2 protein chains.
Amino acid sequence: MRQGWRWFGPEAPVTLDDVRQTGATNIVSSLHQVPIGRAWTEKEVRERQSLIETTPADRSSLVWSVVESIPIPDAVKRRGGEAKAEIEAWIASLEAVAACGIPIVCYNFMPVVDWTRTELDYVTPTGATAMRFDHERFAAFDLFILERPDAARDYSDADRERARIIFEAMSEDEIAEITRIITSALPGSTTEPLTIPAFREKLVAYSGIDAAKLRRHLIEFLEAVTPAAEARGVKLTLHPDDPPRSLFGLPRIASTADDYAALFDAVPSKANGMCYCTGSLGVRADNDLPAIARRFASRIYFAHLRATTREGDGRTFHESAHLEGDVDMVAVLRELVAEDRRRGDQDTIVFRSDHGHRMLDDLDKTVTPGYPAIGRMRGLAELRGILHALGAPPS
Amino acid sequence: MRQGWRWFGPEAPVTLDDVRQTGATNIVSSLHQVPIGRAWTEKEVRERQSLIETTPADRSSLVWSVVESIPIPDAVKRRGGEAKAEIEAWIASLEAVAACGIPIVCYNFMPVVDWTRTELDYVTPTGATAMRFDHERFAAFDLFILERPDAARDYSDADRERARIIFEAMSEDEIAEITRIITSALPGSTTEPLTIPAFREKLVAYSGIDAAKLRRHLIEFLEAVTPAAEARGVKLTLHPDDPPRSLFGLPRIASTADDYAALFDAVPSKANGMCYCTGSLGVRADNDLPAIARRFASRIYFAHLRATTREGDGRTFHESAHLEGDVDMVAVLRELVAEDRRRGDQDTIVFRSDHGHRMLDDLDKTVTPGYPAIGRMRGLAELRGILHALGAPPS
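Note that the structure is predicted; figures quoted are calculated from it, not measured.

Draft legend 1. Quick look at helix α9 (residues 211-232) of chain A. Residue and element names in this part refer to chain A. Between its first and last C-alpha atoms α9 spans 31 Å; for 22 residues at 1.5 Å apiece the expected length is 32 Å, and the two agree. The largest bend in α9 comes to about 35°, at V225, with the proline P227 one to four residues further on. Inspection of α9 places L214, H217, L218, I219, F221, L222, V225, T226, A228 and A229 among the buried residues, and these make up the whole buried set. Structurally, α9 contributes buried residues whose contacts are with α3 (74-78), α4 (83-99), β4 (104-107), β7 (235-238), α10 (257-266) and β8 (272-277). In the stretch just after α9, G233 is the one whose phi turns positive, near 75°.

If you want it as structure tokens, here you go:
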């Protein structure tokens with residue numbers, strides 16, 4: 001396996017020199033500065049690649065091996081009027097990436113909102129902070145701040161009552177804070193930040209789009225893009241929904257093994273792959289992570305490794321340290337290593353320690369939410385230790 | 001195994017709150033403020049213990065389980081006039097530690113100088129810095145700065161010539177720097193800082209003390225202290241010499257498996273144990289680390305885990321990241337875990353990630369040489385990963 005590190009570009013607080021020190025060797029990045037939907041040019045990709053791969057004297061080198069993500073515009077997910085043009089632009093971006101020899105592209109197909117949390121700095125017993133999704137606080141936002149029409153039907157009487165109490169106890173600052181966290185598009189999101197009115201409009205645009213329809217749109221997208229990817233030797237990896245269930249009444253179709261099976265059956269191209277994200281899939285108790293890795297092993301080109309802990313009835317969760325929580329990371333890595341051995345030295349899986357607790361010096365400075373240097377490095381080190389013990393030291 | 005962390009006390013840059021965040025659970029510390037040789041009181045030990053073990057609300061707890069070290073005064077090693085009184089004081093300190101329920105004590109028996117390096121911030125290819133021992137620079141110090149009488153006989157003609165060239169190329173600042181590093185007693189040392197004249201005097205005091213004699217002195221010390229330790233349920237753990245060979249013509253007697261075997265044969269008490277330090281022992285290519293762990297497993301109560309890389313003919317080495325270098329850490333941990341399983345849940349081995357590269361934020365601030373927070377945490381995380389994969393998650 002290859003040790004990846006998500007890098008948010010030259011303006012990010014974590015620099016390439018920092019990444020080198022963590023022991024990571026492969027960069028996962030995107031042209032974050034390009035507006036969603038605008039086609040990337042080969043020149044732009046090559047400039048960024050040159051920034052990443054130009055190594056200072058006497059330093060270890062980095063290689064840009066994964067694009068995470070080329071965002072998929074909303075019109076493609078909705079199959080709106082501009083969908084065809086948007087898909088053409090997406091293929092142009094893919095071609096620019098392929099021309100630079102970057103072999104893996106990650107994307108997701110979550111409508112309106114990408115990954116979602118309600119707290120960025122939940123204090124854990126070690127004093128490090130974690131991201132958290134509190135189902136009751138989320139319901140309070142959905143019902144009483146967003147005031148989504150029809151939201152009431154998605155919650156039980158008891159849920160609604162509890163959410164009302166929580167909402168009424170919120171200060172103005174707390175309301176602003178949870179609104180900001182949910183609507184601002186967390187780092188790396190492939191959706192746009194939204195105001196409350198814009199959020200409501202987006203939801204209206206999805207009325208009539210259920211899971212079956214959204215899945216059809218994704219399959220149409222894959223049918224359009226996989227030939228280009230396959231011809232150029234690029235693997236596309238679909239990131240799971242985070243959390244892996246419906247939010248705001250919207251369909252989500254990359255939450256379970258069955259979801260992925262449907263896509264692989266419909267579009268068998270080997271370019272149609274999976275970003276195996278234990279943090280996203282692991283939120284559902286009914287997702288058997290090692291079994292999913294085994295079942296789709298040959299389609300896993302990229303892996304996000306982190307753990308979550310379900311609280312209460314499981315609708316609330318927080319991000320654990322990488323070896324704690326509900327994910328059996330050793331069992332997961334055993335499956336991925338077995339797949340790598342089948343592949344030989346070529347095209348081994350790129351993994352990155354996903355997210356990380358905010359700790360030590362990162363507590364005292366501005367960090368990219370979910371992506372602090374130190375806790376992420378701790379996670380990478382833990383994963384590296386497992387891989388050494390499995391007789392598969394990562395490259 | 002229990003996850004330890006060396007903490008240098010309330011004035012140290014790495015705080016107990018920092019330690020908690022790393023995932024460590026057991027504190028390794030000493031009353032660093034007490035002058036070498038002065039007996040510790042139970043009150044002093046208890047105050048420090050209370051500082052360590054008083055847990056802020058909603059935080060995970062720490063326990064002080066290893067005293068590293070109760071320093072052994074020079075007179076004991078030389079068997080000088082005050083040796084008897086010094087041993088009595090040492091036993092008094094041991095009794096104070098035992099009264100507070102701290103079960104493990106570390107010590108070493110290196111004469112004149114404790115652990116020794118020639119560079120504190122050797123830049124590695126990742127950009128993180130490591131400690132290094134350069135045999136040629138060391139020889140330059142020994143021959144031309146310390147001007148040790150008889151030093152010439154410890155080096156070949158080629159060594160001396162090379163050392164002379166290096167010395168002559170040194171600036172005043174470089175001479176001051178290497179002198180400071182070698183004579184100032186690195187953090188945690190159980191010897192005193194020395195001026196050059198005091199250094200020369202110390203060496204004179206050891207004339208006539210060869211390895212056999214020094215070993216006798218250590219055995220006499222153990223015969224005096226192990227009954228007190230055994231009666232109070234405290235395990236004494238002898239740290240190996242670092243590096244594990246003679247420096248400055250002085251004898252070193254805890255460098256190999258045979259050295260330890262001689263001590264265990266002479267003083268069979270179970271209180272006579274080993275601090276298994278892979279970083280120190282691993283510098284010698286003829287020390288088979290997993291074999292040493294297997295041979296002395298039942299005597300290993302405390303482990304320092306880090307790796308070194310031998311350079312050139314092996315007399316020069318630098319400290320590697322914990323899973324790199326010449327130490328097979330997985331094989332080592334396999335042995336320690338096997339021993340822990342034999343013991344059951346009681347008295348499992350306390351280990352700490354020893355040293356660590358200086359990296360990320362620790363590059364920009366004052367750190368305790370060898371003991372930065374971040375690189376050390378990275379090492380701990382790597383070891384934790386191995387232990388999870390071995391089916392023995394550490395406590």
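Draft legend 2. Quick peek at unusual backbone geometry. Residues E68 of chain B and S69 of chain B are joined by a peptide bond in cis, for which omega reads 0°. Structurally, the position occupied by S69 of chain B is in the loop between β3 (63-68) and α3 (74-78). With an omega dihedral of -10°, the bond running from D242 of chain B to P243 of chain B counts as a cis peptide bond. If you check the backbone angles, R79 of chain A has positive phi at about 60° while not being a glycine. A residue is classified by how much of its surface remains accessible, and R79 of chain A, at 38% relative accessible area, is partly exposed. Although it is not a glycine, D58 of chain B adopts a positive phi angle of roughly 60°. Here D58 of chain B is to be found in the loop between α2 (42-53) and β3.

Draft legend 3. View of the interface of chain B and chain A. In this assembly, 34 residues from chain B lie in contact with 34 residues from chain A. The contact between chain B and chain A buries some 2,800 Å² in all, and 62% of this surface belongs to carbon and sulfur atoms. On the chain B side of the interface with chain A, the three residues burying the most area are Q21, T126 and L360 of chain B, jointly 22% of the side's total. On the surface where chain B and chain A come into contact, there are 4 salt bridges.

Draft legend 4. Molecular detail of the packing of helix α14 (residues 373-389) of chain A against helix α14 (residues 373-389) of chain B. Contact geometry for α14 of chain A and α14 of chain B: axes closest at 6 Å, N-to-C directions at 40°. Viewed along their axes, α14 of chain A and α14 of chain B adopt a mutual orientation that is oblique. When the axes of α14 of chain A and α14 of chain B are compared, the crossing they make is right-handed. The residues of α14 of chain B that touch α14 of chain A, namely those facing I374, M377, R378, A381, E382, R384, G385, I386 and A389 of chain A, are I374, M377, R378, A381, E382, R384, G385, I386 and A389 of chain B. Its residues assigned to classes, the contact of α14 of chain A with α14 of chain B shows 10 nonpolar, 2 polar and 6 charged.

Draft legend 5. Just helix α7 (residues 172-183) of chain A, in detail. All names here are of chain A. Helix length check: α7 (12 residues) gives 16 Å between terminal C-alpha atoms against 16 Å at 1.5 Å per residue, within 8%. Three or more residues of α7 are buried, namely I175, I178, T179, I181, I182 and T183. Of the surrounding secondary structure, the elements contacted by the buried residues of α7 are β5 (119-123), α5 (135-145), α6 (157-169) and α8 (196-205). Two residues or fewer after α7 comes A185, characterised by a positive phi angle close to 65°.

Draft legend 6. Expanded view of the environment of A291 of chain A. Residue and element names in this part refer to chain A. Relative to the assigned elements, A291 resides in helix α12 (residues 289-295). According to the relative accessible area criterion, A291 is partly exposed, its value standing at 26%. Residues A291 and A257, spaced 34 residues apart in sequence, show a C-alpha to C-alpha distance of 9.0 Å.

Draft legend 7. Representation of the environment of E230 of chain A within the structure. Residue and element names in this part refer to chain A. Its location among the elements puts E230 in helix α9. Separated by 40 residues in the primary sequence, E230 and K270 have C-alpha atoms spaced 7.2 Å apart. Dropping the residues within four chain positions of it, E230 is found in contact with S269, K270 and A271.

Draft legend 8. Structural detail: the relation of the copies chain B and chain A. The two copies are related by a screw operation: chain B maps onto chain A through 180° of rotation and 0.0 Å of translation along the axis, at an RMSD of 0.0 Å. The operation mapping one copy onto its partner corresponds to a two-fold rotation axis. Most of the interface of chain B is mirrored in chain A, where 100% of its interface residues are also at the interface.

Draft legend 9. Seen up close, the packing of aromatic side chains. Residue and element names in this part refer to chain A. Following the criterion strictly, the structure yields 32 aromatic pairs over all chains and no others. Consider the rings of F133 and F317, whose centres lie 5.5 Å apart with planes at 5°: the pair is stacked. Highlighted residues: F133 in strand β6 (residues 129-133) and F317 in strand β11 (residues 316-320), separated in sequence by 184 residues. F317 matches F133 in its accessibility class, with the two residues each being buried. With 4.8 Å between their ring centres and 50° between their planes, F138 and F248 make a pair best called tilted. A residue pair is termed long-range when its members are at least 10 positions apart, and F138 in helix α5 and F248 in the loop between β7 and α10 qualify at 110 residues.

Draft legend 10. The pairing of strand β9 (residues 300-305) of chain A, seen in detail. All names here are of chain A. Burial analysis of β9 places 6 of its 6 residues in the buried class, which makes it a mostly covered element. With 4 bridges connecting them, β8 and β9 associate as parallel partners. Residue pairing across strands places C277 opposite H304, the latter belonging to β9. Across 4 bridges, the pairing between β9 and strand β12 (residues 350-353) is parallel. Among the inter-strand pairings, H304 is bridged to a residue of β12, identified as R352.

Draft legend 11. Spatial organisation of the packing of helix α2 (residues 42-53) of chain A against α4 of chain A. All names here are of chain A. Contact geometry of α2 with α4 gives a least axis separation of 8 Å together with a crossing angle of 45°. Considering their axes alone, α2 and α4 lie oblique with respect to each other. The crossing of α2 and α4 is right-handed. Judged by residue contacts, E42, V45 and R46 of α2 engage A96, V97 and A99 from α4. Among the residues making up the contact of α2 with α4, the classes are represented as 4 nonpolar, no polar and 2 charged.

Draft legend 12. Region of interest: the sheet that holds β12 of chain A. Residue and element names in this part refer to chain A. Sheet architecture is closed into a barrel: 8 strands sit in the order β1-β2-β3-β4-β7-β8-β9-β12, paired in parallel fashion. Across the sheet, the mean angle from the axis of one strand to that of its neighbour is 30°, orientation sign disregarded. Bridge analysis of β7 against β8 gives 3 bridges, and the strand direction is parallel. Across the sheet, the residue bridging to L238 is M274, located in β8. Its contacts with the sheet place α4 against β3 (63-68), β4 and β7, and it is angled at close to 150° to β4. Strands β4, β7 and β8 of the sheet are contacted by α9, whose axis makes an angle of about 155° with β7.

Draft legend 13. Seen up close, the sheet that holds strand β8 (residues 272-277) of chain B. Residue and element names in this part refer to chain B. Taken together, 8 strands build a closed barrel; the order of strands is β1-β2-β3-β4-β7-β8-β9-β12 and the barrel is parallel. The average angle at which neighbouring strand axes cross in this sheet is 30°, direction not considered. Where strand β1 (residues 2-6) and strand β12 (residues 350-353) come together, 3 bridges link them in parallel fashion. Within β12, the position partnered with R2 by the bridge is V350. Strand contacts of helix α9 (residues 211-231): β4 (104-107), β7 (235-238) and β8, with the helix running at about 155° to β7, the strand carrying the most contacts. Taken strand by strand, helix α10 (residues 257-266) contacts β7 and β8, and its axis lies near 165° from that of β8.

Parameters and conventions
Residues numbered from 1 in each chain as written. Chains lettered and ligands numbered in written order. Predicted model: local features only at pLDDT ≥ 70, side-chain atom pairs only at ≥ 80, totals over all residues. Heavy atoms only, no water. Helix = DSSP H or I, 4+ residues; strand = E, 2+ residues; numbered from the N terminus. Expected span 1.5 Å × (residues − 1). Bend = angle between axes of the 7 residues up to and from the residue. Buried < 20%, exposed > 50% of the residue type's maximum accessible area, 1.4 Å probe, protein only. Contact = heavy atoms within 4.5 Å. Buried area = accessible area lost by both parts, 1.4 Å probe. Salt bridge = Lys/Arg side-chain N within 4 Å of Asp/Glu carboxyl O. Axes fitted to C-alpha atoms, helices over the stretch in contact; angles between N-to-C directions. Parallel < 35°, antiparallel > 145°, perpendicular 65-115°, else oblique. Left-handed = near helix turned anticlockwise from the far one by under 90°. Nonpolar A, V, L, I, M, F, W, Y, C, P; charged D, E, K, R; others polar. Least-squares fit on C-alpha atoms with pLDDT ≥ 70 in both. Phe/Tyr/Trp six-rings, centres within 6.5 Å; stacked < 30°, edge-to-face > 60°. Pairing = 2+ DSSP bridges.

Purely geometric numbers; function is a separate question.
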